[in-house]
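One-letter residues, chain by chain:
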Amino acid sequence: MKIKILLNTNPFFSASASANRWLTLIEGLNDLKVAVQIVVVGNYQSKDEKQENKKNSSINRIEIKYLTSKIVSGLWQRRYYTYIGKYFQALRIKIRLRKEIQNFDGILWAENDLTIWKIISNISNKSFKLITEMSEFLDIHKYNKVNALQNRAADAKQAYFENRYINKLDGFVLMTKTLLEYYNTFNNHPPLLHLPMTVDFERFQKQIDPPLEFKKPYIAYVGVMNDAKDGINILIEAFYKISKNYPKLKLYLVGGWDYDTPSHQEFIKELELEDRVYLVGEYPRDTIPSIICNAKLLALPRPDSKQAQGGFPTKLGEYLATGRPVCATTVGEIPEYLEDKKSVYFAKPGSVKSFANSISNVLKDDEQANNVGEQGKKIAELYFNKKTQSKTLYNFLKQL
């Protein structure tokens, strides 16, 4: 079996949830002797990435090919190329990508990108089997803070997928049962596979100290600094409520700049928590395990939302894989896997008081917290293990 995967960025050089999902599935298939090739349609994200990956390279037998040699790094440069710059590259990329897939006779797996979808759709007499994967609803932009350009782009993407692209698919992989039920209502939909989130447990087995700036004991959150998606404002206020009882405890928020970041900075200052709560920015993917494995507890105060209902947080699987106690909210399908005070400490979504109580329950009994953390790890090994889920995916693709 051979698979060609079309991505805008190389997942080996990203710490995002999407990259982690891609890597677990790609590496899992590679372990099963599937010939995997990643075709990077977008630009290099750094000089280091370009230096380590020329036009063609490989990592553990996974072939990687870039269609462009341009470096686009930094927030504002990425934004420019997202909305303007990419159109100057579009024709050249389109020609190269069409040539890349025109006569391919394996399984073509394309990232959820409108430009890539349109290029694939215009291939006549295709010899490949086409699949895609979805981890959340396509209309979540309607409920989150986005600008007018993002809104228009997201509307166009959803319309194209649901009206044209889905019927071109030979297979459709979905992270949650909620998404499976939704797309099952579409006429002439392709074969569907429910494939829960996946975790590479080997990343979390080594005992390594965190970066020097992380001072124990601490609570850690890793992800998007967004209130609507993950409730960062709730976490900051919940920490404030318990902070006087635990004067040595700190809170580290790990993630890049977001629309809500300025309000978080002001809120931390207003609560006089500048020496207790730290917005530390992004860290490389290989550093994240050391950060979360050394935390006193791991926090996921996700509020109830359309995104939470259809998706499943990749960071939760990684949290659980550490064996550390986790505080999370009862949103989406999370309660289908975990049990309060048995494998997780639950809180009501949107409630500062409830999340503060959840944190307190962890801190007041170390022995119980450690037991809950270990049980959470066992649940993750049972349902989210990369090796198990890769075999499920392999069998699905084999049928195609």
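The preceding data block contains the structure.
To start, this report covers the structure provided alongside it. (Residues numbered from 1 in each chain as written. Predicted model: local features only at pLDDT ≥ 70, side-chain atom pairs only at ≥ 80, totals over all residues. Heavy atoms only, no water.)

Describing the layout of surface pockets
Thought 1: Counted as a void, the second largest pocket has a volume near 370 Å³.
Thought 2: Arg-203, Lys-206, Arg-285, Asp-286 and Pro-289 are the residues nearest the centre of the second largest pocket, which is lined by 16 residues in total.
Thought 3: Breaking the lining of the second largest pocket down by element, the ones donating at least two residues are α1 (17-31) and α10 (288-293). (1 Å grid on protein atoms, 1.4 Å probe; cavity = no way out; pocket = protein on both sides within 12 Å on 5 of 7 lines; lining within 4 Å. Points joined across faces, edges and corners; volume = space filled by probe spheres on them. Helix = DSSP H or I, 4+ residues; strand = E, 2+ residues; numbered from the N terminus.)

Here we look at the nonpolar core
Nonpolar side chains tend toward joint burial in soluble globular proteins.
Thought 1: The biggest cluster of nonpolar side chains holds 67 residues, and the ones touching the most others in it are Leu-253, Leu-338, Phe-355 and Ile-359.
Thought 2: Broken down by element, the residue count for this core peaks at 7 residues, all from helix α8 (residues 232-243).
Thought 3: Beyond its immediate chain neighbours, meaning those up to four positions away, Leu-338 contacts Leu-316, Leu-320, Ser-343, Val-344, Phe-346 and Ile-379. (Core = buried A, V, L, I, M, F, W, Y, C linked by side-chain atoms within 4.5 Å. Buried < 20%, exposed > 50% of the residue type's maximum accessible area, 1.4 Å probe, protein only. Contact = heavy atoms within 4.5 Å.)

Topic: empty space enclosed by the protein
Thought 1: Per the counting criterion, the structure on display carries 1 cavity of 30 Å³ or more.
Thought 2: Roughly 30 Å³ of internal volume is contained in the largest cavity.
Thought 3: Forming the walls of the largest cavity are Met-175, Thr-176, His-194, Pro-196, Met-197, Phe-312, Glu-333, Tyr-337 and Phe-384.

A look at the side chain of Asp-230
Thought 1: Checked against the element boundaries, Asp-230 lands in helix α7 (residues 227-230).
Thought 2: Since its relative accessible area comes to 0%, Asp-230 is described here as buried.
Thought 3: A distance of 2.6 Å separates polar atoms of two side chains, one belonging to Asp-230 and the other to Tyr-221.
Thought 4: Engagement of the side chain of Asp-230 in a polar contact is seen with the side chain of Lys-315, the distance being 2.7 Å.
Thought 5: If near-sequence neighbours (up to four positions away) are discounted, Asp-230 is found in contact with Tyr-221, Val-224, Leu-300, Pro-301, Arg-302, Pro-303 and Lys-315. (Polar contact = N/O pair within 3.5 Å; in protein donor to acceptor, adjacent residues only side chain to side chain.)

Let's talk about helix α9 (residues 261-270)
An α-helix turns once per 3.6 residues; consequently, residues spaced three or four apart project the same way.
Thought 1: Burial in α9 covers these residues: Thr-261, His-264, Phe-267 and Ile-268. Seen along its axis, α9 keeps its buried residues to an arc of 115°; they face one direction. In α9, the exposed positions angled more than 90 degrees off the buried face are occupied by Glu-266, Lys-269 and Glu-270.
Thought 2: Just beyond α9, the residue with positive phi is Glu-272, at close to 55°. (Arc of directions from axis to C-beta.)

What to know about the packing of helix α4 (residues 114-121) against helix α5 (residues 148-165)
Thought 1: Put simply, α4 and α5 touch, their axes get as near as 10 Å, and they point 30° apart. As the angle between them shows, α4 and α5 are arranged roughly parallel. You can see that α4 and α5 cross each other, and the crossing is left-handed. Across from Leu-114, Trp-117, Lys-118, Ile-120 and Ser-121 in α4, the residues of α5 making contact are Ala-156, Lys-157, Tyr-160, Phe-161 and Tyr-165.
Thought 2: For the contact of α4 with α5, a count of residues per class yields 7 nonpolar, 1 polar and 2 charged. (Axes fitted to C-alpha atoms, helices over the stretch in contact; angles between N-to-C directions. Parallel < 35°, antiparallel > 145°, perpendicular 65-115°, else oblique. Left-handed = near helix turned anticlockwise from the far one by under 90°. Nonpolar A, V, L, I, M, F, W, Y, C, P; charged D, E, K, R; others polar.)

Considerations on the packing of aromatic side chains
Thought 1: If you walk through the whole model with that rule in mind, you get 22 aromatic pairs.
Thought 2: Each ring, one from Tyr-337 and one from Tyr-383, has its centre 5.2 Å from the other, and the planes form 70°; the classification is edge-to-face. Note that Tyr-337 is positioned in the loop between β13 (326-329) and β14 (345-347) and Tyr-383 in helix α14 (residues 366-383), a separation of 46 residues in sequence.
Thought 3: Look at Tyr-383 and you get partly exposed, because its relative accessible area is 36%.
Thought 4: Taking 6.5 Å as the distance between ring centres and 50° as the angle between the ring planes, the aromatic pair formed by Tyr-383 and Phe-384 counts as tilted.
Thought 5: Within the aromatic cluster, the residues linked to one another by ring pairs are Trp-117, Phe-137, Phe-161, Tyr-165, Phe-172, Tyr-182, Tyr-183 and Phe-186.
Thought 6: For Lys-4, the ring lying beneath its charged end belongs to Phe-104, and the centroid distance is 4.9 Å.
Thought 7: The lysine or arginine in question, Lys-306, covers the ring of Phe-137, its NZ or CZ lying 4.6 Å from the ring centre. (Phe/Tyr/Trp six-rings, centres within 6.5 Å; stacked < 30°, edge-to-face > 60°. Lys NZ or Arg CZ within 6 Å of the ring centre and 35° of its normal.)

Concerning the sheet that holds strand β7 (residues 171-174)
Two orientations exist for strands paired in a sheet by backbone hydrogen bonds: parallel and antiparallel.
Thought 1: Read across the sheet, 8 strands follow the order β3-β4-β2-β1-β5-β6-β7-β8 without closing on themselves; strand pairing throughout is mixed. With one partner strand each, in any of the chains shown, β3 (56-59) and β8 (192-194) form the two edges of the open sheet. The average undirected angle you get between the axes of adjacent strands in this sheet is 25°.
Thought 2: Bridging between strand β1 (residues 2-7) and strand β2 (residues 35-40) involves 6 bridges; their strand directions are parallel. (Pairing = 2+ DSSP bridges.)

What about the pattern of salt bridges?
Thought 1: Inspection of every chain in the model, using the stated rule, returns 17 salt bridges.
Thought 2: With its nearest N and O atoms 2.7 Å apart, the salt bridge here joins Lys-306 to Asp-139. Of this pair, Lys-306 sits in helix α11 (residues 306-310) while Asp-139 sits in the loop between β6 (129-134) and α5, and the two are 167 residues apart along the sequence.
Thought 3: Judged by relative accessible area, Lys-306 falls into the partly exposed class, the value being 21%.
Thought 4: Among the residues examined, Asp-139 registers a relative accessible area of 11% and is labelled buried.
Thought 5: Two residues, Asp-200 and Lys-386, come together in a salt bridge whose shortest N-O distance is 3.6 Å. (Salt bridge = Lys/Arg side-chain N within 4 Å of Asp/Glu carboxyl O.)

Section: the packing of α8 against α9
Thought 1: Following both chains from N to C, one finds α8 and α9 inclined at 10°, their axes separated by 11 Å at the closest point. Here α9 runs roughly parallel to α8, going by the angle between their axes. Here Ile-232, Asn-233, Ile-236 and Glu-237 of α8 lie close against α9, whose contacting residues are His-264, Phe-267 and Ile-268.

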